[in-house]
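# Chain and residue survey
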Amino acid sequence: MAKGYWIGRMTVHDAERYKDYVATATPAYEEFGAKFLVRGGDIHAEEGESRSRNVVVEFDSVETALACYNSETYSRARAIRQEVADGEIIVVEGFAG
């Protein structure tokens, strides 16, 4: 079974409140076995528009990645993030071959 990934790109407007998002989201990440492959870090925007914060999170499957995103636990964190940052989160299936 292919792994599932969240790819998140954010522009954070309130860094202090963003810490609340991270703290509130952590239980969901733990519950669904999230593994962070990219979490912030330096970026090199070679093409297209970029955002200041980029994240790649690995899950055991797309179904698990979606379950985490749609969980009640993560919904509380998502509400905070949507207040303090603009961005996108997509869920993609990993390459299994």
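Our subject is the structure listed above.
This write-up is about the structure you can find in this document. None of the values given here were measured: they were computed from a predicted structure.

## What to know about the pattern of salt bridges
- All chains considered together, the criterion is met by seven salt bridges.
- When the shortest N-O distance is used, the salt bridge between Arg17 and Asp20 registers 3.4 Å. With Arg17 and Asp20 both in helix H1 (residues 15-31) and three residues apart, this pair spans about one turn of that helix.
- Residue Arg17 is classed as partly exposed on the basis of its relative accessible area, which comes to 30%.
- With relative accessibility at 37%, the residue Asp20 sits in the partly exposed group.
- Connected through shared salt-bridge partners, Arg9, Arg51 and Glu88 make up one network.

Rules and cut-offs
- Residues numbered from 1 in each chain as written.
- Predicted model: local features only at pLDDT ≥ 70, side-chain atom pairs only at ≥ 80, totals over all residues.
- Heavy atoms only, no water.
- Salt bridge = Lys/Arg side-chain N within 4 Å of Asp/Glu carboxyl O.
- Helix = DSSP H or I, 4+ residues; strand = E, 2+ residues; numbered from the N terminus.
- Buried < 20%, exposed > 50% of the residue type's maximum accessible area, 1.4 Å probe, protein only.

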